[in-house]
Amino acid sequence: LSRSQAPRPVPAPAAPALEDEEDGEGLGAEFRRLARGLATLGLLEEAQLCKAHSDAARRVDAVEAKKKEAVAREDFEAAAGLKKEIQALSSDLASDEAVEGWRRLAAGGPAAGGDGGLAALGDRLSQRCSC
């Protein structure tokens, strides 16, 4: 094979881009730090899901702040519209069970289940498969 026909190596999947963004404050920041911890442990899929949850939480936080401003201005029509937007955005948030699972994994690493990680792995797989 010539150089141009030689197979090129496939790059490894990159970890979620978390380092270049400021954590800030609020729920989104908490989950961004959690996602970073998961990525550090090599739990990249969980880190990506947690980061998506973080992004959704940041959007909810931003709209909630706008809603508070609208209420302070006594613009109740705008506040009602923002409330509906918050409800729609909240559907992008992960379940409480998933969040608790991420916290357990980050706190204790992959073996957080106490039996060599098999219980934790089973929990993660059942969370992924449940719709």
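Residues numbered from 1 in each chain as written. Predicted model: local features only at pLDDT ≥ 70, side-chain atom pairs only at ≥ 80, totals over all residues. Heavy atoms only, no water.

Locating arginine 32 in the fold gives a position in helix H1 (residues 26-40). Of the polar contacts made by the side chain of arginine 32, one reaches the side chain of aspartate 55; its length is 2.8 Å. (Helix = DSSP H or I, 4+ residues; strand = E, 2+ residues; numbered from the N terminus. Polar contact = N/O pair within 3.5 Å; in protein donor to acceptor, adjacent residues only side chain to side chain.)

This paragraph deals with the pattern of salt bridges. Here the structure, examined in full by the defined rule, presents five salt bridges. Of the charged contacts in the structure, one is a salt bridge between glutamate 30 and arginine 103, with a shortest N-O distance of 2.3 Å. Of the two residues, glutamate 30 sits in helix H1 while arginine 103 sits in helix H4 (residues 96-108), which places them 73 residues apart along the sequence. Arginine 103 gets classed as partly exposed once you look at its relative accessible area, which sits at 34%. Two residues, aspartate 55 and arginine 32, come together in a salt bridge whose shortest N-O distance is 2.8 Å. Separated by 23 residues along the polypeptide, aspartate 55 in helix H2 (residues 44-72) and arginine 32 in helix H1 bring together distant segments of the chain. (Salt bridge = Lys/Arg side-chain N within 4 Å of Asp/Glu carboxyl O. Buried < 20%, exposed > 50% of the residue type's maximum accessible area, 1.4 Å probe, protein only.)

A few words on the packing of H2 against helix H3 (residues 76-90). Across the interface, H2 lies against H3 with an axial gap of 8 Å and an inter-helix angle of 165 degrees. As far as their axial angle goes, H3 and H2 are roughly antiparallel. Of the two possible hands of crossing, H2 and H3 adopt the one that is left-handed. Contacts between H2 and H3 pair Arg59, Val60, Val63, Glu64, Lys66, Lys67, Ala70 and Val71 from the former with Phe76, Ala78, Ala79, Leu82, Lys83, Glu85, Ile86, Leu89 and Ser90 from the latter. (Axes fitted to C-alpha atoms, helices over the stretch in contact; angles between N-to-C directions. Parallel < 35°, antiparallel > 145°, perpendicular 65-115°, else oblique. Left-handed = near helix turned anticlockwise from the far one by under 90°. Contact = heavy atoms within 4.5 Å.)

Here the focus is the nonpolar core. Membership of the largest hydrophobic core is limited to 12 residues, which are Phe31, Leu34, Ala35, Leu38, Ala39, Leu43, Ala47, Cys50, Ala98, Val99, Trp102 and Leu105. The biggest single contributor to this core is H1, with five residues. Counting residues in hydrophobic clusters, the runner-up holds seven residues, among them Ala70, Ala79, Leu82 and Leu89. (Core = buried A, V, L, I, M, F, W, Y, C linked by side-chain atoms within 4.5 Å.)

Turning to the packing of H2 against H4, a few remarks are in order. Look at H2 against H4: their axes get within 11 Å of each other, and the N-to-C directions meet at 130 degrees. One finds that H2 runs oblique with respect to H4. Considering how the two elements wind past one another, H2 and H4 form a crossing that is left-handed. Of the residues in H4, those in contact with Glu46, Leu49, Cys50 and His53 of H2 are Val99, Trp102 and Leu105.

The next point concerns the confidence of the model for the protein chain. Mean pLDDT for the protein chain: 77, with 64% of residues reaching 70 or above. Within the protein chain, the lowest mean pLDDT, 66, falls on helix H5 (residues 118-129), and the highest, 93, falls on H3. Ignoring residues within four places in sequence, the model shows residues 10-21, a span with pLDDT below 50, making 17 contacts including any to other chains. The low-confidence segment residues 111-116, where pLDDT is below 50, has six contacts with residues more than four positions distant or belonging to other chains. (pLDDT = per-residue confidence, 0-100.)

What follows deals with H4. The periodicity of an α-helix, 3.6 residues per turn, causes residues three or four positions apart to be oriented the same way. Here H4 contains 13 residues, and its C-alpha end-to-end distance of 18 Å stays within 8% of the 18 Å for a straight helix at 1.5 Å per residue. Taken as a whole, H4 has its buried residues at Ala98, Val99, Gly101, Trp102 and Leu105. For H4, the angular spread of the buried residues around the axis is 160 degrees, confining them to a single face. Exposed residues pointing more than 90 degrees away from the buried face of H4 are listed as Asp96, Glu97 and Ala107. (Expected span 1.5 Å × (residues − 1). Arc of directions from axis to C-beta.)

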